[in-house]
Amino acid sequence: MNSKLIVLSFALAGAAFAADAPALTVGNPVPAFKLKDSGGKTVKLSNYRGKVVLLDFWATWCTGCKQEMPWFVNFQKKYGAKKFAVVGVAMDEDGWKTLRPFLKQHSEFRYKMLAGDQATADQYGSADSLPDTFLIDKKGNLAGAYRGVVDRDAVESAIEALLGK
């Protein structure tokens, strides 16, 4: 399968998702946000400009989210040196109160984690279901989006295609 076909099929999947979240359209800029990491530092999405970003909205209670997390760890390890980053946005109601113990228990989940908020989730159309995963290109534009558990191979192919540009 050639990379143009992979990107096209991924873009079409993203376009279908975008219908659920009208503010997001493949090829257009994604909403900016500022969220806190575990140390209380404010992290902005714009900090990742120049990298392909896998942005994952998840929660500690979400079975599908936990299924994907090892895949995302693998992507971070495999592609991190190639200008790629995984950023997790946890949507647990208690924020870091719930997130810290979970991440301590699951220390294998090694990528940037942020405590999400309703306003950010609403901007991405992630208020109603989890997991929601977005691929963002190096310029900060939406490259694709998935509602529910991702197809691991399709996402990896899309990451490779975006990194190859």
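One structure accompanies this document, and this report is about it. All chains use their own residue numbering, which begins from 1 and follows the written sequence. Per-residue local features of the predicted model are confined to residues with pLDDT of at least 70, and side-chain atom pairs are confined, for both listing and counting, to 80 or more; whole-chain, interface and lining totals are unaffected and use all residues. For side-chain calculations, the full set of non-hydrogen atoms in the structure is used, while hydrogens and water are omitted.

1. Comments concerning the nonpolar core
Definition of nonpolar core: a set of buried residues of the types Ala, Val, Leu, Ile, Met, Phe, Trp, Tyr and Cys, connected through side-chain atoms within 4.5 Å. The buried label goes to any residue with under 20% of its type's maximum accessible area, the exposed label to any with over 50%, and the partly exposed label to all in between, with areas taken from a 1.4 Å probe on protein chains only. In this structure, Leu 54, Leu 55, Trp 58, Phe 84, Tyr 124, Leu 135 and Ile 159 are the most contacted members of the largest nonpolar core, which totals 54 residues. Numbering goes from the N terminus for both helices and strands, where a helix is a DSSP run of H or I of at least four residues and a strand is a run of E of at least two. Of all the secondary-structure elements, those providing two or more residues to this core are strand 3 (52–58), helix 2 (63–79), strand 4 (84–90), helix 3 (96–105), strand 5 (112–115), strand 6 (132–136), strand 7 (142–147) and helix 5 (152–163). The leading source of residues in this core is helix 2, at seven residues.

2. Describing helix 2
The span expected for a helix works out to 1.5 Å for each residue beyond the first. The end-to-end C-alpha distance of helix 2 is 25 Å, a good match for the 24 Å that 17 residues give at a rise of 1.5 Å each. Take the seven residues that end at a residue and the seven that start at it, fit an axis to each, and the angle between those axes is the bend at that residue. When the local axis directions of helix 2 are compared, the greatest deviation, roughly 30 degrees, occurs at Met 69, which is followed within four positions by the proline Pro 70. Looking at helix 2, one finds that the buried residues are Gly 64, Cys 65, Glu 68, Met 69, Trp 71, Phe 72, Val 73, Phe 75 and Tyr 79. A contact between two residues is defined here by any heavy atoms of the two lying within 4.5 Å. As for helix 2, its buried residues are in contact with strand 3, strand 4, helix 3, strand 5, strand 6 and helix 5.

3. A closer look at the pairing of strand 3
Among the seven residues that make up strand 3, seven are buried, leaving the element largely enclosed by the rest of the structure. Side chains Val 52, Leu 54, Asp 56 and Trp 58 project from strand 3 onto one buried face, and the interleaved Val 53, Leu 55 and Phe 57 project onto a second face that is buried too. For two strands to be treated as a pair, DSSP must find at least two bridges joining them. As paired elements, strand 3 and strand 4 share seven bridges and run parallel to each other. Bridge assignment links Leu 55 to a residue of strand 4, and that residue is Val 87. Handedness of a crossover: with both strands directed away from the viewer, a clockwise path from the first strand across the helix to the second marks it as right-handed. Read from strand 3 through helix 2 to strand 4, the crossover connection turns out right-handed. Both strand 3 and strand 6 contribute to a ladder of five bridges, which runs antiparallel. The partner of Val 53 across the bridge, within strand 6, is Ile 136.

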